[in-house]
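# Coordinate inspection notes
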Amino acid sequence: MNSNSPILLFDSGFGGLTVLSALRAQLPQAPVIYAADTAGLPYGEKTEAEVAARVAGLLGRLAERYQPRLICIACNTASTIALGMVRDVLETPIVGTVPAIKPAAAMTKTGTIGLLGTAATIRQAYVDNLEAKFANGSRLLRHAAPELVAAAECKLRDQTPDPAVFRRAADGLRQQDGGENIDTVVLACTHFPLVQDELAEAFGEQVQFIDGAQGIARRIAFLTQGQSFDRQGDDLAIVTGEGEDDPALLHGLAQFGIGRIARF
Ligand code: DGL
C-alpha cells in the first residue's frame, strides 16, 4: 500500500466534514480527499433511483481517478440507499454511515428516541431494520428536516442560518405523539452535527445528541491498521458543481485541514 494513497470521503455536500474531524483525531497522518457532489445536493429530496445512480457512477470514476485505499460514504442518505450496491461493484473497501440508533438506545433513559434525517433517509427499510434490531424496546420517532442541510452549508460559509429552521426541526419531533418524552436525538445526516449547538438551543437542555462520526472513524482506523500514511500538507476537496472559487467556502474548509478545492 502506497503511503500517499488517500482515504476518500464522499458526501453530497460538506456534511461529511463532521466525519473528517473524527477521522483526523484517529488518523492525523492519513491523506484525505474530500469529494462533494455539490451538483447533486441535496440527495435527501431525490428518488432512490437517482441517488443510487449518482453515487455508483461518481464513486466508480473517483476510485479510478484517485485510487483510494478506502472509500467512506460520509452521507446517511447515500449509504442507506446505495451502500450494498456500491460494495458489489467496487473492489475498494467501503465504509458507510449508519444512523446511530444502537448507541442512542443505550443512552436513552425515557425510552423515547428522536431521529432527524433527510426525507430519503427516514423512509428507508435500512432504518426500519436498524430500529427492529437495535432500538431495544425504545420508541423511535422520525422527522425529515431537509432545511438543516442548507443551514449547515450556510454556517460553513460563515453565514447565520435562520433560527426558525432549528425550532421547526425540534417541533417536528416534539409535536409527534409521545414526542415530549424524547431525551436522545439521533443526528442521522452528516450535515446536522455542524449545527448541533443551534439544535441544542432549540431542543433544550434535557436532550442529548448522538451521531455516527466517532464510530465511522474507529471503523476506518481498524480497517487500515498496520498501513503507513504520509500526509503531505493540507488535503484536497473536489466538487462536481459550485464551490471551486468560493472564498467563504475555502475559509470554512481550512478549519478542517482542507487547503484546496478543485472541480471534478
Ligand atoms: N449529508 C447527507 C446525509 O448524511 C445528506 C444531505 C443531502 O444531500 O440531502 O444524509
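Residues numbered from 1 in each chain as written. Predicted model: local features only at pLDDT ≥ 70, side-chain atom pairs only at ≥ 80, totals over all residues. Heavy atoms only, no water.

## Points about the overall build of the protein
Within the protein, the secondary structure is distributed over 11 helices and 10 strands. Over its C-alpha atoms the protein spans a radius of gyration of 18 Å, differing by no more than 12% from the 18 Å that the globule rule assigns to 264 residues. Seen through its C-alpha atoms, the protein measures out along the principal axes to roughly 50 × 40 × 35 Å. Looking at the protein as a whole, 56% of its 264 residues are labelled buried. Restricting the contact set of the protein to residue pairs at least 6 apart, pairs at least 24 apart contribute 75%. Computed over 23 positive and 30 negative side-chain charges, the separation of the two mean positions in the protein equals 5 Å. (Helix = DSSP H or I, 4+ residues; strand = E, 2+ residues; numbered from the N terminus. Rg over C-alpha atoms; globule rule 2.2 N^0.38 Å. Buried < 20%, exposed > 50% of the residue type's maximum accessible area, 1.4 Å probe, protein only. Contact = heavy atoms within 4.5 Å. Lys, Arg positive; Asp, Glu negative; His and termini not counted. Charge placed at Lys NZ, Arg CZ, Asp CG, Glu CD.)

## Quick word on the UniProt feature "binding site: substrate" (unreviewed entry) in the protein
Mapped onto the present numbering, the UniProt feature "binding site: substrate" (unreviewed entry) falls on Asp11, Ser12, Tyr43, Gly44, Asn76, Thr77, Thr190 and His191. Sequence-wise these annotated residues cover 181 residues; spatially they are packed, their C-alpha atoms never more than 12.1 Å apart. Turning to its location among the elements, Ser12 is positioned in the loop between β1 (7–11) and α1 (17–26). Not counting chain neighbours up to four residues away, the residues in contact with Ser12 comprise Ala36, Asp37, Thr38, Leu41, Tyr43 and His191. Among the polar contacts made by the side chain of Ser12, one reaches the side chain of Asp11 at a distance of 3.3 Å. Residue position: Gly44 is located in the loop between β2 (32–36) and α2 (48–66). The residues touching Gly44, leaving out its near neighbours within four places in the chain, are Thr77, Thr118, Ala119 and Ala120. (UniProt positions renumbered as here; feature names shortened; annotations may be inferred. Polar contact = N/O pair within 3.5 Å; in protein donor to acceptor, adjacent residues only side chain to side chain.)

## Brief notes about the side chain of Thr112
By the secondary structure assignment, Thr112 is in strand β5 (residues 112–117). For Thr112, a relative accessible area of 6% corresponds to the buried category.

## Here we look at the sheet that holds strand β3 (residues 70–73)
Across the sheet, which stays open at both edges, the 6 strands sit in the order β4-β3-β1-β2-β9-β10 with parallel pairing between neighbours. Two strands bound the open sheet, and with one partner strand each, they are β4 (94–95) and β10 (258–263). Sheet topology note: the β1/β2 ladder contains 5 bridges and is parallel. By the bridge assignment for β2, Asp11 is matched with Ala36. Its contacts with the sheet put α2 on β1, β2, β3 and β9 (235–239), and the angle it makes with β1 is roughly 155 degrees. Helix α11 (residues 247–254) contacts β9 and β10 of the sheet and is inclined by roughly 135 degrees relative to β10. (Pairing = 2+ DSSP bridges. Axes fitted to C-alpha atoms, helices over the stretch in contact; angles between N-to-C directions.)

## Focus: the nonpolar core
One finds Ile7, Leu116 and Leu199 to be the most contacted residues of the largest nonpolar core, which totals 54 residues. For Ile7, the residues in contact, after removing those within four places along its chain, are Leu23, Leu27, Ala30, Pro31, Val32, Ile33, Arg69, Leu70, Ile220 and Phe229. If you look at the next biggest cluster of nonpolar residues, it comprises 26 residues, including Phe10, Ala63, Ile81 and Leu236. (Core = buried A, V, L, I, M, F, W, Y, C linked by side-chain atoms within 4.5 Å.)

## Structural notes on the sheet that holds β5
With parallel pairing, 4 strands are arranged side by side in an open sheet as β6-β5-β7-β8. The outermost strands of the open sheet, each flanked by one partner alone, are β6 (139–144) and β8 (208–210). Each adjacent strand pair in this sheet contributes to an overall mean axis angle of 25 degrees, direction not counted. In this sheet, strand β7 (residues 184–187) lies alongside β5 in parallel orientation, the contact comprising 4 bridges.

## A closer look at the packing of aromatic side chains
Inspection of every chain in the model, using the stated rule, returns 4 aromatic pairs. The interplanar angle of 40 degrees and the centroid separation of 6.5 Å between the aromatic rings of Phe10 and Tyr43 together place this pair among those described as tilted. Here Tyr43 lies in the loop between β2 and α2 and Phe10 lies in strand β1, a separation of 33 residues in the sequence. For Phe10, a relative accessible area of 1% translates into the label buried. Ring plane angle 80 degrees and centroid distance 5.7 Å describe the contact between Phe203 and Phe209, whose orientation is recorded as edge-to-face. Each member of the pair, Phe203 as well as Phe209, carries the same accessibility label: buried. Taking the ring centre of Tyr66 as reference, the NZ or CZ of Arg65 above it sits at 4.6 Å. (Phe/Tyr/Trp six-rings, centres within 6.5 Å; stacked < 30°, edge-to-face > 60°. Lys NZ or Arg CZ within 6 Å of the ring centre and 35° of its normal.)

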